[in-house]
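# Reading the structure
Residues per chain, in single letters:
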Amino acid sequence: MLYYRKEKGGSIDFQTVYLKLEKFWADKGCLIGFPYTSEVGAGTFNPLTFFGALGRESLEVAYLETSRRPKDGRYAENPNRTQQFHQYQVILKPPPDYVQDLYLESLKALSIDIKAHDVRFVEDDWESPTLGAWGLGWEVWLDGQEVTQFTYFQQIGGIDLDPVSVELTYGLERIAIFLSGSDSVFDLPWSADKSWGKLNKEQEYQFCVYNFDEADVKSLFEYFEKCLSEADRLMEKDLLYPGYDFVIKASHTFNLLDARGALSVKQRNNFILRVKKLAGKAARKWQELYS
Amino acid sequence: MARTLLIEIGTEEIPANYLGNAASSFAEGLKSLFNSEKISYSTVETLFTPRRVTVIFQDVSEEQDKIIKKIKGPPVDAAFKDGKPTSSAEGFAERVGIPLDSLQTEKFNGREYVIALVEEESRAITGILQDNLQSIIKNIQFPKKMRWEETNFLFARPIRWIVALLGDEQVKFSIAGVKSGKSSRGHRLLAPESIEVATGDYVERLKDSYVVVDPNDRKEKLGEMIRSKAKEVGGEPVLREELLDEVTNLIEYPFVIMGSFDRKFLNLPEKVIITAMETHQRYFPVKKDDKLVPYFISAVNNIPDDSVIRGNEKVLMARLEDAGFYWEVDKKIPLSERVPELSGIMWHKSLGTLLDRTGRLIKLSEWIGERVDDVDLKVIMEGARLAKADLTTLMIRDGKEFTNLEGYIGACYALEEGVSEEICKVIEGHYRPRNAMDGLPETKEAGVVSLADRIDLVVGSFLVGEKPTGSRDPLGLRQAFNGFIRIAVGFSFNISLKDLIERSVLEFSIEANTKIVLEISKFVKDRVEGYLQSVGIRYDIANAVLSEGWDNVLTATIIAKSMMEFRKNEEEFERLVIGQKRVSNILKGWDGGEIDESLLYESEEKELYQKARDIEPNLGKLLKGRNYLEALNLLKELRPFIDNLFDNVLVMADDDKLRNNRLALLYYVRSLFHLLADFEEIVID
């Protein structure tokens, strides 16, 4: 049964964390963007980042992203792992010298007393194989929990970035769990009277059943092929944004097939390469058209 | 007056395993500068934490050591006429800037020339450093480098400050937009302010600011703290050295915490629990009486309180929950039923699925099993059948930290299902040894399946043209075959490699042409040679043994070891080898022929022939019993007879019949030696 557990004197809930973070970055001068409308595996897929990080023009943008990673679902049984979750994404191009301090300041803005906790920057070289994007940086640990991915982007779509961008990706659920003291994401208060689980648990479970057991493999294979050819066709006509949208759809379809266990090792690598090739094409197209 | 040079490069957190090499490469860069610029110093220290790499050179000389340059002038007979300097000498002295009476002379190629010894101007060391530090820092080695600012400088992580002091003096330079100065920074959370440091108090000032900059100091303290924490619950930490090294370089000041987890997770396989702790979280497990207890110890980078412990406990719990999820889901399908599922996993595009591979593995294992002593063939074949089945489990397939437990996980599931322990040992052990540091499989049966696994990989890869070239070996064939040799020798498996390769080729639907077979043979021979050298066999002895055959790696190894032992008596060994070389030399170009006993006239001939005939049967027995050292000792007895023949009989006699007969005798003698090795390959130092 789902239930709402009132936190003692608790005003810290999921939506407050999100709002505080958004206010913090808006106050720092960031443009506030919006989540993308197709299924994405990470905030990096959002054109605000994918195309925003290309080119020389400076950019400070922040936005919420609802991310889906079908394989990470656990039928709503694991306290910390779900197939859909929320990221807060910040892109700073070029990165200021004090970017780590700025990040720590954002934790303080969330009322995290960093002097009383073990905050650590632990090596994690980030890579998105399907986007042809990679960077060096860290996962930020808060008492052993990874709460943020902190990356200096070096390449996107196979193109060297100059200037480089810093990408900060906050795991909103993890930070909110940390602040609320909840034992599980499902107990986490979303607002003053609703829990995260109340809003999402049933949906989470049903999507796990779909991702792992029910997704129709045959249609997914067909759809994957269609997305790739459509992406290619549209980009050839300089319709970059709809074309890129199909790259995103192909990537999500690939993730579904992967979760469904429908791909052999060889097929898996091959599918990744095919999406990566089109992501590279999108990045080059952007350069050709707009830089 | 000698001074201390201190340079600290302050950075954002550098990956733990980059630090040690980076610091030494920084120090090396400075050493080579000092060397080429004639600057002396006494000792060098390299210090580092995640946020800084520091080198300290003690007693750096105030100035460059004097460099005297020799400049060659005109020949003496042109420079002086009747003992007086000519205009040519005057011009030279003026050009090099020294008085005429300081000129000296020296002979070059038999002719006397005027020379001048000129002292080079000594430069201030600060200036030399300022000119060179940028390129030295640029050349510090890291496995990966990144860009972060507008000059696109490359370094492991962004540089944020630099301290550069030579005694009291600042060494001023700038790099990647950062100017050097005398301000360092303390611990990120506990003492974030900048602190002014001096060469004399650097280590202490940092310690006051919660930075233990000496990695050895940090490691030692951390180790002690972890051990004493474990004692609080009456246990011992599982302290892997590499993990301790890594953790030491994830923090600037040592603090540790101990947390606990729910006992129910102790029902998971031990390595799963340990992997959940070690791999991602870098926690140290705790054992009591060699059994895991529900505690973990972690190094943290801040003064810990209960909330830090609770936070870490939650993280570990989620990881263990995840492992528990895999464990429960996977157990629903027994390993045996998973075998057909292997047809859904492609192993290699031209070599089929994992099910195809399993089929080959069973047949090859059976073939090997039939040829070695004291093994249970049923265990081997059932083990081979189940060996790869765990690759279909979520625990392995999901790509998270447990993936590297393949084999072990299969064995755990099999044991749960009631599969016999012996078969479980095959499933677990058939991947071993994973690398040069790893041990052999526990049982002979596992060893057999491991051999089959490796030969199938090597032969299959060569058949489809994916062989190692130069330093590239993406499929790890060399490592795989090194393991093959270690197993064959370790378990004394007496197997013909040629036959095994032939048998393995039969399993593929690809035709093996002569070229491929030769390539595989060359690869195998090279591996055996490399192996012999790795166990301390001299290269020439390895060559000598292998040129007589590498087909049986066990035999080759034992012969080579016996030869090494025999070689210890150097004088004897040398004479034996020289004797054999003489024999080989004289046999060059000989067309062959039979010995005719009636033509053995000289007593030396007869004696050598008789001796050889006498020892032959014994030699055969010794070789059969693999008693190679005794065999060598027996061959040694031939040496005086051979020497006698060479000293007193003209082998290359004018008479054709006699000459041929003597050569035939020597050929026969040589053939006895060649039963062990080709002695011609041996190099006398």
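So, here is what we can say about the structure in this document. Model, not experiment: these values are computed from the prediction.

### What to know about the overall build of chain B
When you go through chain B residue by residue, the secondary structure sums to 26 helices and 20 strands. Relative to the globule expectation of 26 Å for 685 residues, the C-alpha radius of gyration of chain B, 36 Å, shows a markedly less compact shape. Burial statistics for chain B: of 685 residues in total, 40% are counted as buried. In chain B, the proportion of contacts linking residues at least 24 apart, taken out of those at least 6 apart, comes to 66%.

### Let's talk about the interface of chain A and chain B
Each partner contributes residues to the interface: chain A has 37 residues there, and chain B has 31 residues. Going through the elements one at a time, strand S4 (119-123), strand S6 (133-142), strand S7 (145-156) and helix H8 (265-290) of chain A are the ones with two or more residues in the side of chain A that touches chain B. Ranked by residues supplied to the side of chain A that touches chain B, first place goes to S4(A) with 5 residues.

### Description of helix H14 (residues 408-416) of chain B
Residue and element names in this part refer to chain B. Across the 9 residues that make up H14, a large majority, 7, are buried. What H14 keeps buried is the set Tyr 408, Ile 409, Gly 410, Ala 411, Cys 412, Tyr 413 and Ala 414. For H14, the secondary structure elements touched by its buried residues are helix H8 (270-280), helix H9 (306-331), helix H10 (335-338), helix H12 (377-386), helix H13 (394-397) and helix H15 (421-429). Following H14 by one or two positions, Gly 418 adopts a phi angle in the positive range, close to 90 degrees.

### A short note on the sheet that holds strand S15 (residues 236-237) of chain B
Note on sheets: strands pair through backbone hydrogen bonds, and any given pair is parallel or antiparallel. Residues and elements named next belong to chain B. Spatially, S15-S17-S18-S16 is the arrangement adopted by the 4 strands of the open sheet, whose pairing is antiparallel. Where the open sheet ends on each side, the last strands, each with one partner, are S15 and strand S16 (255-260). As judged from the 2 bridges shared by S15 and strand S17 (residues 284-288), these two strands associate in the antiparallel manner. What sits directly across from Glu 236, in S17, is Lys 287. With respect to the sheet, helix H6 (residues 215-231) is in contact with S15, S16, S17 and strand S18 (291-300), its orientation differing from that of S16 by roughly 30 degrees.

### Details of the packing of helix H23 (residues 603-624) of chain B against helix H25 (residues 639-648) of chain B
All names here are of chain B. Viewed as axis vectors pointing N to C, H23 and H25 meet at an angle of 160 degrees, and their least axial separation amounts to 9 Å. As the angle between them shows, H23 and H25 are arranged roughly antiparallel. The crossing of H23 and H25 is left-handed. Contacts from Glu 604, Glu 605, Glu 607, Leu 608 and Lys 611 of H23 reach H25 at Phe 641, Ile 642, Asn 644, Leu 645 and Asn 648. The class makeup of the residues in the contact of H23 with H25 is 4 nonpolar, 2 polar and 4 charged.

### Description of the packing of H8(B) against H9(B)
All names here are of chain B. Running from amino to carboxyl end, H8 crosses H9 at an angle of 140 degrees, the nearest separation of the two axes being 10 Å. By the angle between their directions, the pair H8 and H9 is classed as oblique. Relative to H9, H8 is oriented so that their crossing is right-handed. On H9, the residues that touch Val 272, Ile 273, Ala 276 and Met 277 of H8 are Leu 316, Arg 319, Leu 320 and Ala 323. Partitioned by chemical class, the residues of the contact of H8 with H9 number 7 nonpolar, no polar and 1 charged.

Thresholds applied
- Note on numbering: residues in each chain are counted from 1, in written sequence order.
- Chains and ligands are labelled sequentially in the order written, the chains with letters from A and the ligands with numbers from 1.
- In keeping with the predicted nature of the model, local features appear solely for residues at pLDDT of at least 70, side-chain atom pairs appear and are counted solely at 80 or more, and the whole-chain, interface and lining totals rest on all residues.
- Helical segments are the DSSP runs of H or I of at least four residues, strand segments are the runs of E of at least two, and each set is numbered from the N terminus.
- The atom set for the radius of gyration is the C-alpha atoms, and the globule formula is 2.2 Å times the number of residues raised to the power 0.38.
- In this scheme every C-beta is placed from the backbone, and a residue whose C-beta has 20 or more other C-beta atoms within 10 Å is buried, one with 12 or fewer is exposed, and one in between is partly exposed.
- What counts as a contact is two residues whose backbone-derived C-beta atoms lie within 7 Å of each other.
- Paired strands, in this sense, are two strands between which DSSP finds at least two bridges.
- Where helices are involved, their axes are fitted lines through C-alpha atoms of the stretch in contact, as for all axes, and angles between N-to-C directions lie from 0 to 180°.
- The cut-offs work like this: below 35 degrees is roughly parallel, past 145 is roughly antiparallel, 65 to 115 is roughly perpendicular, and the gaps in between are oblique.
- A clockwise turn of the near helix away from the far one marks a right-handed crossing, whereas an anticlockwise turn of less than a right angle marks a left-handed crossing.
- When residues are grouped by polarity, Ala, Val, Leu, Ile, Met, Phe, Trp, Tyr, Cys and Pro land in nonpolar, Asp, Glu, Lys and Arg in charged, and all others, Gly among them, in polar.

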